[in-house]
Amino acid sequence: MAYDSNNVFAKILRGEIPSVKIYEDDKTLAFMDIMPSIDGHCLVIPKEAAEGILDLSPDGAAALIKTTQKVARAVKTAFNAPGIMLLQLNGEAAGQTVPHIHFHILPRQAGLDLKLHGKPMENPDKLRGFADKIKAALD
Ligand code: AMP
């Protein structure tokens, strides 16, 4: 399927809608998930226009996983998380709701249950507080 340049993450990349940013470089952007499954839930996207892992260039994939690792380390420190869950869905049939490839980063504590979708919108000030904590833990 052709890439839809009106998807919400493409709009975030173009600065047309706001996001609570954690990290940015020339190829990637990390920001807080607006409807978090858990405190500290954040997303990493490439700047390259690609819907899923099958469309992304090898160079884009390398940049995406590099930033995901960097931010995941910071999330682990910031939330003192014994576990880090990465999630990456490709296609509606897999549960993907935003058609611009992204990794979810979720700090996990033992036995904690979480819901992936259908969550309420989080307070932006709370998200900014979490983003500041993660930024402070970046290498
Ligand atoms: P997926 O189901 O893997 O496509 O995940 C999309 C994620 O994007 C969900 O966890 C949503 O909560 C999140 N999301 C949707 N819109 C925004 C937005 N404007 N800013 C931040 N996160 C968003």
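Keep in mind that this is a model prediction, so the values were computed, not measured.

### Re the pairing of strand 1 (residues 21-24)
As paired strands, strand 1 and strand 2 (residues 28-32) are joined by three bridges and run antiparallel to one another. By the bridge assignment, Glu-24 is partnered in strand 2 with Leu-29. Counted along the chain from strand 1 to the antiparallel partner strand 2, the turn is three residues long.

### Examining the pattern of salt bridges
A pair can form between side chains of opposite charge whenever their charged atoms are brought close. For the structure shown, the criterion picks out eight salt bridges. Here Lys-27 makes a salt bridge to Asp-59, at a shortest N to O gap of 3.2 Å. With Lys-27 in the loop between strand 1 and strand 2 and Asp-59 in helix 2 (residues 58-78), this pair connects stretches of sequence that are 32 residues apart. A residue is classified by how much of its surface remains accessible, and Lys-27, at 35% relative accessible area, is partly exposed. Under the relative-accessibility criterion, Asp-59 is labelled partly exposed at 45%. For Asp-125, the salt bridge goes to Arg-128, with nearest N and O atoms at 2.9 Å. Linking Asp-125 with Arg-128, this pair stays in helix 3 (residues 124-136), spanning three residues, or about one helical turn.

### Details of the sheet that holds strand 4 (residues 83-87)
Strand pairing in a sheet takes place through backbone hydrogen bonds and is either antiparallel or parallel in direction. Taken together, the five strands give an open sheet; going across it, the order is 1-2-3-5-4, and neighbouring strands pair in antiparallel fashion. Where the open sheet ends on each side, the last strands, each with one partner, are strand 1 and strand 4. In this sheet, neighbouring strand axes are inclined to one another by 20° on average, regardless of whether the strands run parallel or antiparallel. With three bridges joining them, strand 3 (residues 42-46) and strand 5 (residues 103-108) adopt antiparallel strand pairing.

### Examining the site of the ligand
Neighbouring the ligand are 18 residues, the closest being Asp-33, Thr-97, His-102, His-104 and His-117. Measuring from an oxygen atom of the ligand, one finds a side-chain N or O atom of Asp-33 at 2.5 Å. Contacts to the ligand include Thr-97, whose backbone N or O atom sits 2.7 Å from an oxygen atom. Protein burial of the ligand: of its 500 Å² of free accessible surface, 92% is covered by the chains. Considering each element in turn, the shell around the ligand owes the most residues, three residues, to helix 1 (residues 8-13). Of the residues that constitute the shell around the ligand, the class distribution is ten nonpolar, six polar and two charged.

The rules behind each value
- Residues numbered from 1 in each chain as written.
- Predicted model: local features only at pLDDT ≥ 70, side-chain atom pairs only at ≥ 80, totals over all residues.
- Heavy atoms only, no water.
- Pairing = 2+ DSSP bridges.
- Helix = DSSP H or I, 4+ residues; strand = E, 2+ residues; numbered from the N terminus.
- Salt bridge = Lys/Arg side-chain N within 4 Å of Asp/Glu carboxyl O.
- Buried < 20%, exposed > 50% of the residue type's maximum accessible area, 1.4 Å probe, protein only.
- Axes fitted to C-alpha atoms, helices over the stretch in contact; angles between N-to-C directions.
- Near = heavy atom within 4 Å.
- Polar contact = N/O pair within 3.5 Å; in protein donor to acceptor, adjacent residues only side chain to side chain.
- Areas by Shrake-Rupley, 256 points an atom, 1.4 Å probe, with all protein chains shown as cover.
- Nonpolar A, V, L, I, M, F, W, Y, C, P; charged D, E, K, R; others polar.

Note that all results are geometric; they support no functional claim without further evidence.
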